[in-house]
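Chains, contacts and geometry: an overview
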Amino acid sequence: MMSNLQDFDDAFLNQFSSIETERICLALSGGLDSMVLLHLMHTHLDKKYKIRAIHVNHNLNESSDNWSAFCEKQCSELGIELTIKSIEPVNDGFGIEANARDERYRVMKESLSTNEFLLTAHHKDDQLETILFRIFRGTGIDGLRGIIHYMDNNDYIIFRPLLEYSRTDLEEYANVNNIEWIEDDSNKNIYFDRNYIRNLLIPKIKDRWKNVEESTHRLSLIAVENHQLLDELASEDLSQESDPNSISISCFDSHSIPRIKNMIRFLIEKNDMDMPSMHILNSGLNDLIKNDEKSAEIKWGNHVIRRFNKRLYFLNKLEAMPFEAPDDISWAITQSINLNHPIGSLEIDFRDGVGISLDKCSENLQIKFRKGGEKISTSKQKKQKTLKDYFSEKKILPWARDKIPLIYDNQHLICIGDFWMNDDFKATESEPSFIIHWNTEMKIS
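The present account deals with the structure reproduced in this document. (Residues numbered from 1 in each chain as written. Predicted model: local features only at pLDDT ≥ 70, side-chain atom pairs only at ≥ 80, totals over all residues. Heavy atoms only, no water.)

Focus on the sheet that holds strand S11 (residues 329-332)
Here five strands make up an open sheet; going across it, the order is S11-S15-S18-S19-S20 and the pairing antiparallel. Each end of this open sheet is capped by a strand with a single partner; those strands are S11 and strand S20 (420-421). As judged from the four bridges shared by strand S18 (residues 406-409) and strand S19 (residues 412-416), these two strands associate in the antiparallel manner. Paired with Leu 406 across the two strands is Ile 416, which belongs to S19. (Pairing = 2+ DSSP bridges. Helix = DSSP H or I, 4+ residues; strand = E, 2+ residues; numbered from the N terminus.)

Written out as structure tokens, the structure reads:
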């Protein structure tokens, strides 16, 4: 327990001395921990940052709407802006708890503005619970880090300023400051693994080992340091590679299997993928590093690592799976068109004498996708070849080929994405014309 509440306040505030941001957003559940953090933010941070909160209604409890109303009332009384989001978690094979967590972080991340940190109210008891849960489920060094105090996920930052405090500390602070909070009855349902650990195992562990929270905290810090060392080693091994989405198999030359696995785990994290189990990684590793066939891949959850042309590619399932092509799409080129993820969008830049001639084609085009048998002319001698052969020559990734927009004017293929153009439609000098821009995050070669 904190020796006094002034120490509590001082220790909390000191954590923000090096935090350089303009805005802070709290993940507010309405429970003890997040209500204490809301109070601390209002008391100590209101003048230094623009603060607000976000509440995610999981719709898993009959009282969910009441909790949203409670959070709204508390924020209103403190004059703090609150955003409420609603999600509908599903059991996707990894458990409804895991899906709810993933969906919660997804909507919170989407809600964040530029230069805004996300604060969550995890505390020491959560750390113990998380590390035990990961040990029982099976984990490596990365899992033993537990809940990270400060995490930069490239596109957003999560900061957890209560990790040094126990639930007992938070209860004392809340009682002294007359802070109200919600008790979620579902937390007592031991059907869920985390609740089983929280309600049945941890009390027995604490009875036997009084300082287990401190021991677990030290373990977490050691794991963080070891993970940093492994990341530094992987960065050194991959120093010749600039794109984390794909790497050359040659990076693995003369390295041991544990070192190769460390490189792959490093890139999995860099690509914001969930970590596969040891069994999944081990069972597919040999094919990935030695087999250049199309079938060489590792798949888990929504992620795929696939080998092609002596490189490994880190993909999400939508990028890797076959594309169900829609019917032909009509496109009036005066407007951009969104073809959805992962394909992206097309837009036109009108010019004179550059690109496709407006005198030689219509302003109403058609967008199609590869079905097989398409042919293109690749020289002034009108030599024809199949689109399949063209893609192979250009080393277009096999799983991207059916997702590349083919732009037609009636029966004539005039463009492939924005990297091939039919010479028959090319604009002459000063002729009214246009250039197609294909905006996509999809890697195609």
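So that's the structure; there's more coming.
So, the nonpolar core
Core analysis: the largest hydrophobic core is formed by 40 residues, its most contacted members being Trp 331, Leu 346, Ile 407, Ile 416, Phe 434 and Ile 436. Only strand S9 (303-308), strand S10 (311-316), strand S13 (345-352), strand S15 (364-368), helix H13 (387-393), S18, S19 and strand S21 (432-439) provide two or more residues apiece to this core. Looking at which element gives the most residues to this core, the answer is S19, with four residues. In contact with Ile 416, not counting residues within four places along its chain, are Ile 376, Leu 387, Tyr 390, Phe 391, Ile 404, Pro 405 and Leu 406. One finds Phe 12, Ile 19, Leu 45 and Ile 182 within the second-largest nonpolar core, a separate group that totals 35 residues. (Core = buried A, V, L, I, M, F, W, Y, C linked by side-chain atoms within 4.5 Å. Buried < 20%, exposed > 50% of the residue type's maximum accessible area, 1.4 Å probe, protein only. Contact = heavy atoms within 4.5 Å.)

What about the state of the cysteines?
Taken as a whole and judged by the stated rule, the model has zero disulfides. Its sulfur unpaired, Cys 25 is 9.9 Å from the next cysteine sulfur, which belongs to Cys 75. (Disulfide = S-S within 2.5 Å.)

Notes on unusual backbone geometry
Residue Pro 342 is reached from His 341 by a cis peptide bond, and omega for that bond is 5°. Backbone geometry places Asp 272, a non-glycine residue, at a positive phi of 55°. Along the chain, Asp 272 turns up in the loop between helix H10 (257-270) and helix H11 (278-290). Despite not being glycine, Asn 340 has its phi angle at roughly 70°, a positive value. Mapped onto the fold, Asn 340 is located in the loop between strand S12 (337-338) and S13.

What to know about H10
Its 14 residues give H10 an end-to-end C-alpha distance of 20 Å, which sits within 8% of 20 Å, the value for a rise of 1.5 Å per residue. Looking at H10, one finds that the buried residues are Ile 260, Lys 261, Asn 262, Met 263, Ile 264, Phe 266, Leu 267 and Ile 268. Buried residues along H10 sit in contact with helix H9 (212-237), strand S7 (246-248), H11, strand S8 (297-300), S9 and S10. The positive-phi residue at the C-terminal boundary of H10 is Asp 272, with phi of around 55°. (Expected span 1.5 Å × (residues − 1).)

Comments concerning a nonpolar patch on the surface
Residues Ile 190, Tyr 196 and Leu 200 make up a contiguous nonpolar surface patch of roughly 240 Å² in combined accessible area. One can find Ile 190 in the loop between helix H7 (167-176) and helix H8 (193-208). Among the residues examined, Ile 190 registers a relative accessible area of 39% and is labelled partly exposed. (Patch = residues over 30% accessible without salt bridge, like charges linked within 9 Å, V, L, I, M, F, W, Y side chains within 5 Å. Areas by Shrake-Rupley, 256 points an atom, 1.4 Å probe, with all protein chains shown as cover. Salt bridge = Lys/Arg side-chain N within 4 Å of Asp/Glu carboxyl O.)

Description of the sheet that holds S10
With respect to topology, four strands assemble into an open sheet ordered S7-S10-S9-S8, the strand pairing being antiparallel. Every other strand in the sheet has two partners, leaving S7 and S8 as the edge strands with one partner each. Strand-to-strand, the axes of this sheet are offset by a mean angle of 15°, without reference to chain direction. Pairing of S8 with S9 involves four bridges; the strand directions are antiparallel. From the neighbouring strand, Ile 298 faces S9, where its bridge partner is Ile 305. Across the face of the sheet, H10 comes into contact with S7, S8, S9 and S10 while running at roughly 35° to S10. Those strands touched by H11 are S8, S9 and S10, and its axis lies near 150° from that of S8. (Axes fitted to C-alpha atoms, helices over the stretch in contact; angles between N-to-C directions.)

Purely geometric numbers; function is a separate question.
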